[in-house]
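Reading the structure
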Amino acid sequence: MHLVTERHRSAAAGWVRRYLRPDDPVARALTWATMTSSLSKGVFYSVSVLFFTHVAGFAATTVGLGLTIAGAVAVAAALAAGYLARVVGARRVLLATTAGQGLALVAYLLVHTPAAFVVVACAAVGQQAMQRTALTTMIAESFTGPDRVEMRARLRVVTNAFIGVGTALAAVALVLDTKLAYLLAMLATGALLFVSAFLLRRMDRGAELTATDGSRAAGVRQSPLRDRTYLAVTGLYAVMSMQVGMLTVGVPLWVAGSTKAPPATIAALLALNTVIVSLLQVWAARGARTIRSAGRAVAGAGTLLALACGLYALSAHGAITVVVVMLTLATVAHSLAEILSEAGSWTLAFELADPANVGAYQGVSQTGAALGSMLAPLVVTATALEHGWPGWILLGVLFLLAGSLTMALVRRQVDGLLLSG
């Protein structure tokens, strides 16, 4: 027993050193800032809807409409952040939008009208999209080659882990179920983002500024809006990124409304996804370090998502045990697709970009992610939730085509580079 305990402690210490205490100063600052901002997300995701409806008194339709409008704003904000990062620097954009989002979350405590809610939601969601663009730009400028994708993967592991911790902390407010508890929880979400901004402010700027200056001096800049291959890959990434909304919105509604599985199954499936992503995301990133391997990863993700959609469709029939098994297998396939899709898309976003115009290119890439997030609830509802198994099949075919077309574009790009070389 003592030996087992020591092994667990050693494994935990190794995880902390590997993910939370990197030697590189920029990596360390980004990691710690990600920890605190992810805690904020975990708390916010858990209590925000109840706060908006039970404490602020907004109708569910008002909340849904406001967040939809905010999602549309986020698409434009993600693109604008890339160009802004080119002018003032990614670090400044990341710092300003992190603090700004903290202010927006605190401002939720003061809104009392639908119009004010929409304005604050646009500020909060829009700045979150700008954060993602600034973060990927910083990684692109501060690291090179495979290190960039591995850094993204490590930050994603940290994000998942600390969103989980934040969700657990939010359980206190959910158990108390009082107005004061929800107010304090929402206040904590803003405070944690202020801490995140403080950690970014303390960043050792030497490495980041050196990398940024190098990228800015790298020659004539190509506009991503005229790069047809990059735009096509980004559009396909928007399709593939809808799988996140399918898991967080579509699957829970499907399980609750169309299967015999008990409601607790939803939490178990989401927990399973978190574990798989946390354990295997870095492994997936290491297998997608080149443009060609990244294309294969995205194509594999499309195939796995098609399989997952078929399994979700089958879960509508059979005894409870069969249904739970189908849902579990679907979630495993879905989670593996998620890590492959993200790893491959990160590499393509970095490697296909013009090194002289990193910020603008990452802004376009993150616009694809924001567009996918905005469209996911609508697309999943219009297909799987409205039409059952035919809708799931249609959704699976959509993911399969997106993955296959990404691979085809990658092959054409690689062949073109070989011929030009």
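None of the values given here were measured: they were computed from a predicted structure.

**A word on helix α3 (residues 60-88)**
For α3, which comprises 29 residues, the first-to-last C-alpha distance of 39 Å matches the rise-based estimate of 42 Å (1.5 Å per residue) to within 8%. Looking at α3, one finds that the buried residues are Val63, Gly66, Ala70, Gly71, Ala74, Val75, Ala77, Ala78, Ala81, Gly82 and Ala85. Once α3 ends, the next one or two residues include glycine 89, with phi positive near 105 degrees.

**Details of the packing of aromatic side chains**
Following the criterion strictly, the structure yields 10 aromatic pairs and no others. Taking 4.7 Å as the distance between ring centres and 85 degrees as the angle between the ring planes, the aromatic pair formed by tyrosine 230 and tyrosine 361 counts as edge-to-face. Linking tyrosine 230 in helix α9 (residues 228-258) with tyrosine 361 in helix α13 (residues 358-387), this pair joins segments that are 131 residues apart in sequence. The same class applies to tyrosine 230 as to tyrosine 361, namely buried. Each ring, one from tyrosine 312 and one from tryptophan 392, has its centre 5.1 Å from the other, and the planes form 35 degrees; the classification is tilted. Linking tyrosine 312 in helix α11 (residues 291-314) with tryptophan 392 in helix α14 (residues 389-420), this pair joins segments that are 80 residues apart in sequence. A network of ring pairs unites the aromatic residues Phe44, Phe51, Phe52, Phe58, Tyr108 and Phe117 as a single cluster.

**A short note on the packing of helix α2 (residues 25-55) against helix α5 (residues 114-142)**
Look at α2 against α5: their axes get within 13 Å of each other, and the N-to-C directions meet at 155 degrees. Looking at the two axes, α2 sits roughly antiparallel to α5. The two elements α2 and α5 meet at a crossing, and its hand is left-handed. In this structure, α2 contributes Val26, Leu30, Lys41, Tyr45 and Phe52 to the contact, and α5 contributes Phe117, Gln128, Leu135, Met138, Ile139 and Ser142. Considered class by class, the residues forming the contact of α2 with α5 number 8 nonpolar, 2 polar and 1 charged.

**Topic: the nonpolar core**
Core analysis: the biggest nonpolar cluster contains 82 residues, and Leu30, Met246, Tyr312, Leu348, Trp392 and Phe399 have the highest contact counts within it. For this core, the element with the highest residue contribution is helix α12 (residues 320-351), accounting for 12 residues. Lining this core are residues from two domains, each supplying at least three of them: domain 1 (23-202) and domain 2 (224-419). When sequence neighbours within four positions are dropped, the list of residues in contact with methionine 246 reads Val251, Leu305, Cys309, Tyr312, His334, Val380, Trp392, Leu395 and Phe399. Phe51, Ala104, Cys122 and Ala181 belong to the second-largest nonpolar core, a separate cluster that totals 24 residues.

**Re the packing of α3 against α13**
Between α3 and α13, whose axes approach to 6 Å, the crossing angle comes to 170 degrees. Between α3 and α13, the crossing angle belongs to the class labelled roughly antiparallel. Contacts between α3 and α13 involve Gly71, Ala72, Ala74, Val75, Ala78, Leu79, Gly82 and Tyr83 from the first element and Gly359, Ala360, Gly363, Val364, Gln366, Thr367, Ala370, Leu371 and Met374 from the second. Along the lines of polarity and charge, the residues of the contact of α3 with α13 split into 11 nonpolar, 6 polar and no charged.

**Here's the deal with the pattern of salt bridges**
Taken as a whole, this structure holds 5 salt bridges when the rule is applied. The residue arginine 148 makes a salt bridge to glutamate 351 at a minimum N-O spacing of 2.7 Å. Linking arginine 148 in helix α6 (residues 146-176) with glutamate 351 in helix α12, this pair joins segments that are 203 residues apart in sequence. For arginine 148, a relative accessible area of 13% puts it in the buried group. The closest approach of N and O atoms between glutamate 150 and arginine 154, which form a salt bridge, is 2.9 Å. Here glutamate 150 and its partner arginine 154 are both found in helix α6, 4 residues apart, which amounts to about one turn of the helix.

**Quick notes on the UniProt feature "transmembrane region" (unreviewed entry) in the protein chain**
UniProt marks residues 67-85, 105-126, 157-176, 182-200, 230-254, 266-285, 297-314 and 391-410 with the feature "transmembrane region" (unreviewed entry), using the numbering shown here. For residues 297-314, the end-to-end C-alpha separation is 26 Å, with 100% helix and 0% strand making up the annotated structure.

**Quick word on the side chain of glutamine 101**
With respect to the element layout, glutamine 101 can be found in helix α4 (residues 90-107). Judged by its relative accessible area of 7%, glutamine 101 falls in the buried class. Discounting residues that sit within four places of it in the chain, glutamine 101 has contacts with Ala124, Gln127, Gln128, Gln131 and Leu193.

Basis of the calculations
- Residues numbered from 1 in each chain as written.
- Predicted model: local features only at pLDDT ≥ 70, side-chain atom pairs only at ≥ 80, totals over all residues.
- Heavy atoms only, no water.
- Helix = DSSP H or I, 4+ residues; strand = E, 2+ residues; numbered from the N terminus.
- Expected span 1.5 Å × (residues − 1).
- Buried < 20%, exposed > 50% of the residue type's maximum accessible area, 1.4 Å probe, protein only.
- Phe/Tyr/Trp six-rings, centres within 6.5 Å; stacked < 30°, edge-to-face > 60°.
- Axes fitted to C-alpha atoms, helices over the stretch in contact; angles between N-to-C directions.
- Parallel < 35°, antiparallel > 145°, perpendicular 65-115°, else oblique.
- Left-handed = near helix turned anticlockwise from the far one by under 90°.
- Contact = heavy atoms within 4.5 Å.
- Nonpolar A, V, L, I, M, F, W, Y, C, P; charged D, E, K, R; others polar.
- Core = buried A, V, L, I, M, F, W, Y, C linked by side-chain atoms within 4.5 Å.
- Domains from an automatic or database assignment.
- Salt bridge = Lys/Arg side-chain N within 4 Å of Asp/Glu carboxyl O.
- UniProt positions renumbered as here; feature names shortened; annotations may be inferred.

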